[in-house]
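Geometric and topological summary
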Amino acid sequence: MKKFGLTGFPLGHSMSPVIHKALFKINGMDASYELKEVHPDSFSQGVEELKKLNGFNVTIPHKTNIIPFLDGLSERAELFGAVNTVHNKDGVLTGYNTDCFGFLRALEMAGIELKGKVLLCGSGGVSRMFAFESVLAGAELTIAVRDADVDAGNQIKSEVKDKLGKTIKVITLDEVDGEYDVLINGTPVGMFPNVDACVLPEEKVKKCSAVFDAVYNPMETQLIKYAKAAGAKYSNGLPMLVWQAAVAQEIWLDVKFTMEQIKPVIEIAESELKK
């Protein structure tokens, strides 16, 4: 039996085991998936335990901590300086970032094209990835942040310039104006329990043709409600969560998942969320 797991600290309630077990079932894989909570102070000892697995996922705060322990990085993991998936092939550990592919496949599933004018709200880790992917897709990107986060937004701007040679705009949320092809929310605004909050007012959301909200608890945030009311294409963050797990398994097990196979797994994750 192949063994996989998730490391991070603290792990609390994670949906990863449920999602991965459902994915293993699709391909009839005899595999296990466990949570491996590792305190940052004892991370190097923790890595020795993780090396006994065939592969593992990595979450906060270890996405960068893990890098010095790896033998190699994929192109995207190197670009983002963050790893969320490790493949152990005969003792050789390679780090990958599947969050980006989870995001791209979630967009594809919702029929959203990452092109034209893209407005990204937020400047945290996931927003940084959204920013890079938007620029790589050829979009004209504007990042909108709170006044307190302008420096963080400018940090992404200079990284994009250094690594991709492209120029993006950074504005405050109050300065958001005009029409956009895609609006991406990379902030936790609207997440349970603050379900009535929205990163932008309705009249600004209405001017966006498509909306992607990284939040998935609740499934229908205020932002998604505004998008639906405006007749825009939309997706919450749950398909991204499931797809990043699926892409991890594609790396570990050399398999391929279709959109049709993933839909019921998203439903399983949704019912797990409601528990």
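So, here's what we can say about the structure. Only a predicted model underlies this, so the values are computations on that prediction, with no experimental measurement involved.

Overall, the coordinates contain seven aromatic pairs when judged by the stated rule. Taking the centre distance of 5.6 Å and the plane angle of 75 degrees together, the rings of F43 and F69 count as edge-to-face. Residue F43 is located in helix α2 (residues 43-50), and its partner F69 is located in the loop between α3 (62-65) and β4 (72-73); the two are separated by 26 residues in the primary sequence. For F43, a relative accessible area of 5% puts it in the buried group.

By size, the foremost hydrophobic cluster in this structure holds 29 residues, and its most contacted members are F103, F130, L141, I143, I184 and F212. Within the residue set of this core, elements represented by two or more residues are α4 (75-80), α5 (99-109), β7 (117-121), α6 (125-136), β8 (140-145), α7 (150-164), β10 (180-185) and β11 (208-213). A total of five residues in this core trace back to one element, the largest contributor, which is α6. One finds F4, M15, A31 and W252 within the second-largest nonpolar core, a separate group that totals 25 residues.

What follows deals with the layout of surface pockets. Once rolled over the atoms, a probe with the size of a water molecule shows which space is left empty. Roughly 1400 Å³ of internal volume is contained in the largest pocket. Taken together, 39 residues line the largest pocket, and the ones lying closest to its centre are T59, I60, K63, Y216 and L241. For the lining of the largest pocket, the leading source of residues is α6, giving four residues. Here the residues of the lining of the largest pocket sort into 20 nonpolar, 14 polar and five charged. Around the second largest pocket, the lining comprises 14 residues; the ones closest to its centre are M219, Y234, S235, N236 and P239. Of all the secondary structure elements, the ones that give two or more residues to the lining of the second largest pocket are α5, α9 (222-229), β12 (233-235) and α11 (259-273). In the lining of the second largest pocket, the residues fall into eight nonpolar, two polar and four charged.

Across the sheet, which stays open at both edges, the six strands sit in the order β9-β8-β7-β10-β11-β12 with parallel pairing between neighbours. This sheet does not close on itself; its edge strands, each paired only once, are β9 (169-172) and β12. Taking the axes of each pair of neighbouring strands and ignoring which way they run, one obtains an average angle of 20 degrees across the sheet.

So, about the pattern of salt bridges. Summed over all chains, the structure comprises 15 salt bridges. For D149, the salt bridge is made with R146, and the minimal N-O distance between the two is 2.9 Å. Between E260 and K263 there is a salt bridge; the shortest N-O distance is 2.9 Å. Remark: K263 and E260 occur in helix α11; sequence separation between them is three residues, near one turn of the helix. A relative accessible area of 38% means that K263 is categorised as partly exposed. Salt bridges here are not isolated pairs; linked through shared partners, they connect R105, E250 and K256.

Calculation criteria
Residues numbered from 1 in each chain as written. Predicted model: local features only at pLDDT ≥ 70, side-chain atom pairs only at ≥ 80, totals over all residues. Heavy atoms only, no water. Phe/Tyr/Trp six-rings, centres within 6.5 Å; stacked < 30°, edge-to-face > 60°. Helix = DSSP H or I, 4+ residues; strand = E, 2+ residues; numbered from the N terminus. Buried < 20%, exposed > 50% of the residue type's maximum accessible area, 1.4 Å probe, protein only. Core = buried A, V, L, I, M, F, W, Y, C linked by side-chain atoms within 4.5 Å. 1 Å grid on protein atoms, 1.4 Å probe; cavity = no way out; pocket = protein on both sides within 12 Å on 5 of 7 lines; lining within 4 Å. Points joined across faces, edges and corners; volume = space filled by probe spheres on them. Nonpolar A, V, L, I, M, F, W, Y, C, P; charged D, E, K, R; others polar. Pairing = 2+ DSSP bridges. Axes fitted to C-alpha atoms, helices over the stretch in contact; angles between N-to-C directions. Salt bridge = Lys/Arg side-chain N within 4 Å of Asp/Glu carboxyl O.

Remember that the coordinates give geometry; whether it matters functionally is a separate question.
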